[in-house]
Amino acid sequence: RAYDLINAHDIDAFGELREAKAHRSRTLIVLRHAKAESRDDWVGDDLDRPLTAGGQEQAGELSAVLRGYGVRRVVSSPAVRCAQTVEPLAQELGAAINLEPTLTEEAYADDPTAAQERVVEIAEKDICHQTNPRPCTRDDFTRFFEQAM
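Worth saying up front: this structure is predicted, and the values here are computed from it rather than measured.

*Asks:* Lay out helix α3 (residues 80-93) with the relevant residues and their values.
*Replies:* With 14 residues, α3 extends 20 Å between its outermost C-alpha atoms, agreeing within 8% with the 20 Å of an ideal straight helix rising 1.5 Å per residue. Inspection of α3 places R81, C82, A83, Q84, T85, V86, P88, L89 and A90 among the buried residues, and these make up the whole buried set. Elements in contact with the buried residues of α3: α2 (53-67), β1 (74-76), β2 (97-99) and α4 (105-110). At the C-terminal side of α3, G94 shows a positive phi close to 70 degrees.

Printed below as a string of structure tokens:
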């Protein structure tokens, strides 16, 4: 459960800092989808594999946690399970989900560099060119991907 990862008081405290504009950092949140139907049991295109009922619940809980970070833009893989994971957040924000075709397992397998470069582009546009005290570099994100993969 998302709330098992963070104390509700911390969410409130962070929200108060954000409202007071007392935080200066920007955050790029990269997350995996909530609990999805089993790949082994799914018949059909893997991109169409949805969340389980438990995954839908996780997505709703995750929305409350992510709101504490002041999310303004939602980008997702076009995989149904990924878009379903961020749908509650997007609805609460009144934001569209920007589907990014380079953020699929298949696209990454075909061209890992394209996915990495697209995440860097998103981060540079939405994070690095704002009030970040130290500008992000492509090397920062390359290190991130090397550690994450």
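*Asks:* Any chance you could break down the pattern of salt bridges for me, citing the residues and the numbers?
*Replies:* Inspection of every chain in the model, using the stated rule, returns eight salt bridges. The salt bridge involving E92 is made with R67; its shortest N-O contact spans 2.2 Å. Taken as a pair, E92 in helix α3 and R67 in helix α2 lie far apart in primary sequence, 25 residues in all. Put simply, R118 and E121 hold a salt bridge, and the shortest N to O gap is 3.2 Å. Of this pair, R118 and E121 both sit in helix α5 (residues 112-128), three residues apart, which is roughly one turn of the helix. Among the ionic contacts, a cluster of salt bridges with common partners joins R39, D46, R49, R81 and E105.

*Asks:* Tell me about the packing of α2 against α3, residues and numbers included.
*Replies:* Close contact between α2 and α3 brings their axes to 8 Å; oriented N to C, the two are set at 45 degrees. In terms of orientation, α2 and α3 fall into the oblique class. Both α2 and α3 take part in a crossing whose hand is right-handed. Note on element contacts: α3 touches α2 through Q84, T85, P88, L89 and E92, opposite Q56, A59, G60, L62, S63, L66 and R67.

*Asks:* Run through the nonpolar core, naming residues and quoting values.
*Replies:* Counting seven residues, the largest nonpolar core consists of L62, L66, V71, V74, V86, L89 and A90. Secondary structure elements with two or more residues in this core: α2 and α3. No other element matches α3, which puts three residues into this core.

Calculation notes
Residues numbered from 1 in each chain as written. Predicted model: local features only at pLDDT ≥ 70, side-chain atom pairs only at ≥ 80, totals over all residues. Heavy atoms only, no water. Helix = DSSP H or I, 4+ residues; strand = E, 2+ residues; numbered from the N terminus. Expected span 1.5 Å × (residues − 1). Buried < 20%, exposed > 50% of the residue type's maximum accessible area, 1.4 Å probe, protein only. Contact = heavy atoms within 4.5 Å. Salt bridge = Lys/Arg side-chain N within 4 Å of Asp/Glu carboxyl O. Axes fitted to C-alpha atoms, helices over the stretch in contact; angles between N-to-C directions. Parallel < 35°, antiparallel > 145°, perpendicular 65-115°, else oblique. Left-handed = near helix turned anticlockwise from the far one by under 90°. Core = buried A, V, L, I, M, F, W, Y, C linked by side-chain atoms within 4.5 Å.

Geometry only, nothing functional implied.
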